[in-house]
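Structural description and commentary
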Amino acid sequence: MMGPILIQTAFAAAALSSLLYFITSGGKKDMTKYARMLFHAAAILTISSAAFLLYLIITHQFQYTYVWNYSSKDLPANLLISTFYAGQEGSFHLWAFLMAILGVFLLPYLANRDKEQSLTPGKSEKYEPLVMGVFTLLQAFLLIIMIIKSPYLFVWESFPADVQMGFMPEDGRGLNPLLQNFWMTIHPPILFTGFTALSIPFCFAIAALIKNKYDAWMKLAMPWTLFAGMILGLGIMLGGYWAYGVLGWGGYWAWDPVENSSFVPWLLIIGGIHTMVAGEKVGKFRKTSLILCILAYSAVLYSTFLTRSGVLGDASVHSFVDPGQEVYLFLVVLLSLFAGGGLGLLIFRFKSLRTEKTESQANLLSRESALFIGAVTICATALVIAVGTSWPIISKGTVEADFYNRMNLPLAILIAAINGISILLKWKHSEEKSFLKSLYLPLGFTALVTVTLVILGVRDLLIAVLGAAAIFAFFINAEIAYRIFTKNRTKAGAYVAHMGLMLLFLGVIGSARYSEEENVSLPLNEPKQALGYLLTYKGATPIPGDEEKFHFNVIVQKDDRAFLLQPIMYYSDYSEGIMKNPDIANLVTKDLYLSPMGIDEKSPYSPDQLHSFKKGEVKDISGLKVKFIDFDMSKFNREEMSAGKENIMAAQFEVTLDGKTETLVAEQHISPEGSNSIPARLTGNDNFTFLLIKTNVAGESSVDLAIIDETQPAAPEAPETLVLTASIKPFINFVWGGTIVMVIGFYLALLTRYRRMKSESRKLESVNTGSNSANGNSQNGKHKHRSHKKEHSEEEI
């Protein structure tokens, strides 16, 4: 009972903490001390529950349904730990756990900022009560879901009709083979950290709307917003890298609805970051920033509904099964309360959200205008993806990947071009002549590189324009980043992040648009050419430590260089099918990607001996005229077949040789162990042997028949053949390298914010210390001197 008690008590503490925070925000009573204690209690209990569930998994407590369903004794330690979040119950627990962890850092951050605000004349409003009130309410809702969808059910509670109370399974079902990968240990926690972090700017935005004060919230929320953008972007691209290296379909982004549902919140918060930066500088875009921070987390809640409710069961490879009516309804409530409530509050406060200059009055030739236009373009991209993602709900159909590619390509061009232009513009106003002059060098460099790309083979106009826009933006950001980097490297963060994004754009162009692909059959030890490389299949070898999985060894040669690639195939009892993993050679400017499709085992028949017949079809073969008449079901018993007993399947053929025609019946013996062909011959003629190899009675009747001419020398056995897809992915490293550069840029920007915040805190403390000292000294003088000192200290502040 420990697990349920921990969750239920954590919920009670979180709910009560939220209530006390909201009472404090009303100003009648200061319950902050007790609200903090209860939040810490909720956090400790949530973390304890996570530790307890992890203990159950590591110690193989298979009497718990969740542990039995996703783990097993043969899993290595890292994958065993990752089963914590392999299912719905665990992933909600991971989310609640991360909320507790981030909340532990958020609470002192707010307390310190509120303390600093109280030391600043005219800025005494506190944000902790409302921000933590909303945050702990979110935590409470997640804990309710864990109570409804508990990871602590016993197997006899989940399967009361089949399992007796106290039953302990010997082993668990295990982890889905597709998830048995190193990235399973890293990708989901990082992605969920991003989802969790997005709740913080959401809470700040809600707090600002409730208080109806909009001067301080953006500055306070910005570090957390940058952190959310950084960590969520990293999580998304790690998922792409995982798919690329494991699934074998040759790509890293399939526009799957669940992939998209994590991408949309990231796009919205990136738009929000840019409007918040502009808002800090020039005091505009209050409404836009609030809308985007609220929409970003609302999109997270919507993606949770899409992923967890089962509505995308037929449209997405990532979606969970139907969680049950209770969880489904509660997800609807969660989405309606926070997303609907946030947007409703925004509408309620809309009239009071007026800046000194509205967005429409802003000077178009200014950086803030460019940032606003860029944010609108990013939001348009998010809208396109959101509509496509929701299409299975709207029309019960799916949207093809081509829809996203066609719609987003022009938007990507605009995003890249606007990014480059915005960097050259100044805040509030730019001189037209100066701005046009600053374009000469970037445009010249862009034209040179674009012409080079066209010469190298880029022929698609829009792709060439996207490449040109990305190069243009990269050059401008690189030039300014270099200048800043030589003075203060952390302040170059925004430009470094932009450079990473443009590299990613160029990598997408090369790897997706100009990828080459070829299907190849590789007979054992027989070299074959594919995509300019010589491929030789050298046979299969068991993987050390896992004898059920096999490396299929392919030697790749080009010029004087040779290397070994080892794609993997194996049969999985879990999925009851063949699992396939690619192998990749990273060749700096491109990847050679080998994805296995299957293995053709050695066949005792040559291609000249095997023949396929449709019903009524006639073929001339080695002097014979052979016609497939029909199936002979005289020895076939369907009931015995269903019971797993032996059976005989037969087919009738009309065979003509030397003007003589006779009916021949070819039979196949079927048993639970497999099928064997029974040799058949013509009357008085042993020169030909007929073997029924395969039958197809469903749909259009057909058979495969082997006809062996015994007068001819035996045909050599066909060698074992590996069938695979070989592909070239040009400049794919720009995708991964661009992601790393972008994350570094985010980190540098975050570090700059942190140092600035610490510097401001030290200055404020220093001034306040001086003020206190002056007030203390004034107590030794006369009353008029005390008044004079007090006025003087206020002037200093």
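What counts and how
- Residues numbered from 1 in each chain as written.
- Predicted model: local features only at pLDDT ≥ 70, side-chain atom pairs only at ≥ 80, totals over all residues.
- Heavy atoms only, no water.
- Pairing = 2+ DSSP bridges.
- Helix = DSSP H or I, 4+ residues; strand = E, 2+ residues; numbered from the N terminus.
- Axes fitted to C-alpha atoms, helices over the stretch in contact; angles between N-to-C directions.
- pLDDT = per-residue confidence, 0-100.
- Contact = heavy atoms within 4.5 Å.
- Salt bridge = Lys/Arg side-chain N within 4 Å of Asp/Glu carboxyl O.
- Buried < 20%, exposed > 50% of the residue type's maximum accessible area, 1.4 Å probe, protein only.
- Core = buried A, V, L, I, M, F, W, Y, C linked by side-chain atoms within 4.5 Å.
- Parallel < 35°, antiparallel > 145°, perpendicular 65-115°, else oblique.
- Left-handed = near helix turned anticlockwise from the far one by under 90°.
- Nonpolar A, V, L, I, M, F, W, Y, C, P; charged D, E, K, R; others polar.
- Patch = residues over 30% accessible without salt bridge, like charges linked within 9 Å, V, L, I, M, F, W, Y side chains within 5 Å.
- Areas by Shrake-Rupley, 256 points an atom, 1.4 Å probe, with all protein chains shown as cover.
- Polar contact = N/O pair within 3.5 Å; in protein donor to acceptor, adjacent residues only side chain to side chain.
- Phe/Tyr/Trp six-rings, centres within 6.5 Å; stacked < 30°, edge-to-face > 60°.
- Lys, Arg positive; Asp, Glu negative; His and termini not counted.
- Charge placed at Lys NZ, Arg CZ, Asp CG, Glu CD.

**Overview of the sheet that holds strand β15 (residues 674–678)**
Pairing is antiparallel in the open sheet, where five strands are placed in the order β11-β12-β13-β14-β15. Bordering the open sheet on either side are β11 (618–621) and β15, each of which pairs with just one other strand. Taken over all neighbouring pairs, the strand axes of this sheet differ in orientation by 30° on average, direction set aside. Of the pairings in the sheet, the one linking strand β14 (residues 660–671) to β15 comprises five bridges and is antiparallel in character. By the bridge assignment, E667 is partnered in β15 with I678.

**Overview of the sheet that holds strand β1 (residues 516–523)**
Each strand in a sheet pairs with another by means of backbone hydrogen bonds, the pair being arranged parallel or else antiparallel. The strand order across the open sheet built from four strands is β1-β19-β9-β8, with neighbouring strands paired in antiparallel fashion. The open sheet terminates on both sides in strands that have one partner only, identified here as β1 and β8 (583–586). Ignoring strand direction, the axes of neighbouring strands in this sheet form an average angle of 20°. In this structure, β8 lies alongside strand β9 (residues 590–600), joined through four bridges in antiparallel fashion. Across the sheet, the residue bridging to D583 is L594, located in β9.

**Digging into the pairing of β14**
In terms of strand pairing, strand β13 (residues 647–657) meets β14 through eleven bridges, oriented antiparallel. For F653, the partnering residue across the bridge sits in β14 and is L664. The hairpin turn running from β13 into β14, its antiparallel successor, is two residues long, and D658 in that turn takes a positive phi close to 55°. As consecutive antiparallel partners, β14 and β15 are separated by two residues.

**Some words on the confidence of the model for the protein chain**
Scored by pLDDT, the protein chain comes out at a mean of 85, with 89% of its residues at no less than 70. Mean pLDDT across the secondary structure elements of the protein chain bottoms out at helix α20 (residues 783–796), with 38, and peaks at helix α2 (residues 32–58), with 96. In the model, residues 356–360 has pLDDT below 50 throughout and makes seven contacts with residues more than four positions away in sequence or in other chains. In the model, residues 778–797 has pLDDT below 50 throughout and makes 15 contacts with residues more than four positions away in sequence or in other chains.

**A short note on the pattern of salt bridges**
Tallied over the entire structure, the rule returns six salt bridges. Of the charged contacts in the structure, one is a salt bridge between D630 and K615, with a shortest N-O distance of 3.4 Å. Taken together, the residues span a long stretch of sequence, with D630 in strand β12 (residues 624–632) and K615 in the loop between β10 (610–614) and β11 at a distance of 15 residues. Residue classification places D630 among the partly exposed positions, given a relative accessible area of 29%. On the basis of relative accessibility, which here comes to 46%, the residue K615 falls in the partly exposed class. Between E667 and K635 there is a salt bridge, with the nearest N and O atoms lying 2.8 Å from each other. Note that E667 is positioned in strand β14 and K635 in the loop between β12 and α18 (638–642), a separation of 32 residues in sequence. What makes E667 buried here is its relative accessible area of 17%.

**A short note on the nonpolar core**
Counting residues in hydrophobic clusters, the biggest one holds 129 residues, and the most contacted among them are W95, L106, Y127, F202, F204, W217 and L290. The dominant element in this core, judged by the number of residues it contributes, is helix α9 (residues 217–246), at 16 residues. Those residues in contact with L106, other than ones at most four positions away along the chain, are V131, M132, F135, I200, F204 and W224. I621, V626, V655 and L705 belong to the second largest nonpolar core, which has 23 residues in total.

**Observations concerning the packing of helix α11 (residues 286–308) against helix α13 (residues 367–395)**
Where α11 contacts α13, the two axes come as close as 13 Å, and the packing angle between them is 20°. It follows that α11 is roughly parallel to α13 by the angle criterion. In the packing of α11 onto α13, the handedness of the crossing is left-handed. For the pair α11 and α13, contact is made by T288, L292, Y302 and L306 and by F372, C379, T389, S390 and I393, respectively. Looking at the contact of α11 with α13 residue by residue, the class counts come to six nonpolar, three polar and no charged.

**Regarding unusual backbone geometry**
We note that F285 has phi near 65°; this positive angle belongs to a residue other than glycine. If you trace the backbone, F285 turns up in the loop between α10 (257–282) and α11. What makes F285 buried here is its relative accessible area of 1%. At D658, a residue that is not glycine, the phi angle is positive and equals roughly 55°. Summarising the element assignment, D658 is placed in the loop between β13 and β14.

**Some words on a nonpolar patch on the surface**
Taken together, L383, V387, W391, I393 and I394 make up a surface patch of nonpolar side chains, about 450 Å² in accessible area. Structurally, W391 can be placed in helix α13. Taking the relative accessible area as the measure of exposure, W391 reaches 34% and is therefore partly exposed.

**Quick look at the environment of T656**
Secondary-structure assignment places T656 in strand β13. A polar contact of 2.7 Å, which involves the side chain of T656, links it to the side chain of T661.

**A short note on the packing of aromatic side chains**
Tallying each qualifying case throughout the model produces 32 aromatic pairs. Ring geometry for F202 and Y297: centres 5.2 Å apart, planes at 40°, overall tilted. Taken together, the residues F202 in helix α8 (residues 187–211) and Y297 in helix α11 connect sequence positions 95 residues apart. The class for Y297 is buried, based on a relative accessible area of 2%. Where F445 meets F475, the ring centres are 4.6 Å apart and the plane angle is 25°; that geometry is what we call stacked. Separated by 30 residues along the polypeptide, F445 in helix α15 (residues 432–456) and F475 in helix α16 (residues 461–485) bring together distant segments of the chain. Its relative accessible area of 34% is what places F445 among the partly exposed residues. A relative accessible area of 17% means that F475 is categorised as buried. Members of the aromatic cluster, each reached through a chain of ring pairs, are F182, W183, Y241, Y244, Y252, Y593 and W736.

**Observations regarding a negative patch on the surface**
A contiguous patch of negative charge, built from D74, E170, D171, E548, D573 and E576, is present on the exposed surface. Assignment of secondary structure puts D74 in the loop between α3 (65–70) and α4 (77–82).

**Observations concerning the pairing of strand β4 (residues 546–558)**
Examined bridge by bridge, strand β3 (residues 533–543) and β4 share eight bridges and lie antiparallel to one another. The residue of β4 that forms the bridge with T536 is I555. Joining the antiparallel neighbours β3 and β4 is a turn of two residues, in which G545 adopts a positive phi near 90°. Looking at chain direction, β4 and strand β6 (residues 568–572) are connected through two bridges and run antiparallel. Across the sheet, residue F550 finds its bridge partner in β6, namely M569. Where β4 lies against strand β5 (residues 561–565), five bridges are found, and the strand directions are antiparallel. Bridge pairing in β5 links Q557 to A562. In sequence, β4 turns back onto β5 through a hairpin of two residues, with D559 there showing a positive phi of about 55°.

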